[in-house]
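# Summary of the model geometry
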Amino acid sequence: MKNRLAFYLLGLSPILLAFFVWDLDLGSNSQPNDPLSNRLVPDAIVINPSMSQYNLYGKVEQRIEGAQLLSFNTEDRLEITEPNFIFAESSGEQWDIYARHGNFFQDLNLFQLEGEVKMIRLAEDLPLSLSTSSMNIDLDDRTLLTRSSILIESPGHRISGNGFRADLNNNRFEIIGNVAARHDSI
């Protein structure tokens, strides 16, 4: 747990440095009747952010990338455009999770993904893809949760339902309700 905290603090240090260097006070120039004056202005902007966490053997355990990161100190959140998460399993297989948009809440160590969320397991024996509209990722526990409808596909199999929970540490997955499955015959 301490290693993960140190990893996140180390990975966020360029962003924290940007906070101290850029003391933006863009709201003071707005006019009282200006409709844009109510718009939240980011404290920092990072293009193509990337942060990796390694295990004791020097292999990537998880990686987080994006097209753009906006920091909002007043809301204690980071907004990421086109976030991409890579979680490696001890077996060497990995999960890739993509979305159009995401928010990271530092105090919870939680990502909220929205917009065409796609989760892909790259495995030779059983590749798998999951599609949904939103998903929460708890980085401390490496757990995933969505209450949205989901579609899981693998060669010869198609499962749909409402809601999904996953524990990537224990390789446990659960569809919460309204499960429908189709399996092609061999």
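None of these values were measured; they are calculated from a predicted model.

## A word on the overall build of the chain
What the chain contains, in helices and strands, is 1 helix and 13 strands. The linear arrangement of helices and strands in the chain, starting from the amino end, is α-β-β-β-β-β-β-β-β-β-β-β-β-β. For the chain, buried positions account for 38% of its 186 residues. Of all intrachain contacts in the chain linking residues separated by at least 6 positions in sequence, the fraction that spans at least 24 positions is 39%.

## Concerning the packing of aromatic side chains
Inspection of the entire model under this criterion finds 5 aromatic pairs. Taken together, a centroid distance of 6.2 Å and an interplanar angle of 0 degrees make the contact between Phe85 and Phe87 stacked. The pair formed by Phe85 and Phe87 is uniform in burial state, with each residue classed as buried. For the ring pair Phe104 and Phe111, a centre distance of 4.7 Å and an interplane angle of 35 degrees mean the geometry is tilted. Note on accessibility: Phe104 and Phe111 belong to one class, buried. By the ring-pair criterion, three or more aromatic residues cluster together here, those being Phe85, Phe87, Phe104 and Phe111.

## Remarks on the pairing of strand β7 (residues 94–98)
One ladder, built from 5 bridges, connects strand β6 (residues 84–88) with β7; its direction is antiparallel. Bridge pairing in β7 links Ala88 to Gln94. Bridging between β7 and strand β9 (residues 110–122) involves 5 bridges; their strand directions are antiparallel. Residue pairing in the sheet places Trp95 in a bridge with Arg121 of β9.

## What to know about the confidence of the model for the chain
Per-residue confidence for the chain averages 80 on the pLDDT scale, and 77% of its residues sit at or above 70. Least confident of the elements in the chain is helix α1 (residues 2–21), whose mean pLDDT is 53; most confident is strand β10 (residues 128–138), at 94. Every residue in residues 19–38 is under pLDDT 50, and counting partners more than four places away or in other chains gives 12 contacts.

## Describing the pattern of salt bridges
The full count for this structure, using the stated rule, is 5 salt bridges. When the shortest N-O distance is used, the salt bridge between Arg77 and Glu79 registers 2.9 Å. Each of the two residues, Arg77 as well as Glu79, counts as buried. Residue Arg182 is joined to Asp184 by a salt bridge in which the shortest nitrogen-to-oxygen separation is 3.5 Å. What makes Asp184 partly exposed here is its relative accessible area of 43%.

## A few points about the side chain of Asn84
Tracing the sequence through the fold places Asn84 in strand β6. Every residue in contact with Asn84, bar those within four places of it in the chain, is listed here: Arg63, Ile64, Glu65, Ile97 and Tyr98.

## With respect to the environment of Val60
Mapped onto the fold, Val60 is located in strand β3 (residues 60–65). When the C-alpha positions of Val60 and Ala88 are compared, they lie 6.8 Å apart, and in sequence the two are 28 residues distant. Dropping the residues within four chain positions of it, Val60 is found in contact with Gln53, Tyr54 and Ala88.

## What about the pairing of β3?
Bridge count for strand β2 (residues 50–54) against β3 is 5 bridges, and the pairing is antiparallel. What sits directly across from Met51, in β3, is Ile64. If you look at the hairpin formed by β2 and β3, you'll find 5 residues sitting between the two strands, and Gly58 has a positive phi there, around 85 degrees.

Reading the values: the criteria
- Residues numbered from 1 in each chain as written.
- Predicted model: local features only at pLDDT ≥ 70, side-chain atom pairs only at ≥ 80, totals over all residues.
- Heavy atoms only, no water.
- Helix = DSSP H or I, 4+ residues; strand = E, 2+ residues; numbered from the N terminus.
- Buried < 20%, exposed > 50% of the residue type's maximum accessible area, 1.4 Å probe, protein only.
- Contact = heavy atoms within 4.5 Å.
- Phe/Tyr/Trp six-rings, centres within 6.5 Å; stacked < 30°, edge-to-face > 60°.
- Pairing = 2+ DSSP bridges.
- pLDDT = per-residue confidence, 0-100.
- Salt bridge = Lys/Arg side-chain N within 4 Å of Asp/Glu carboxyl O.

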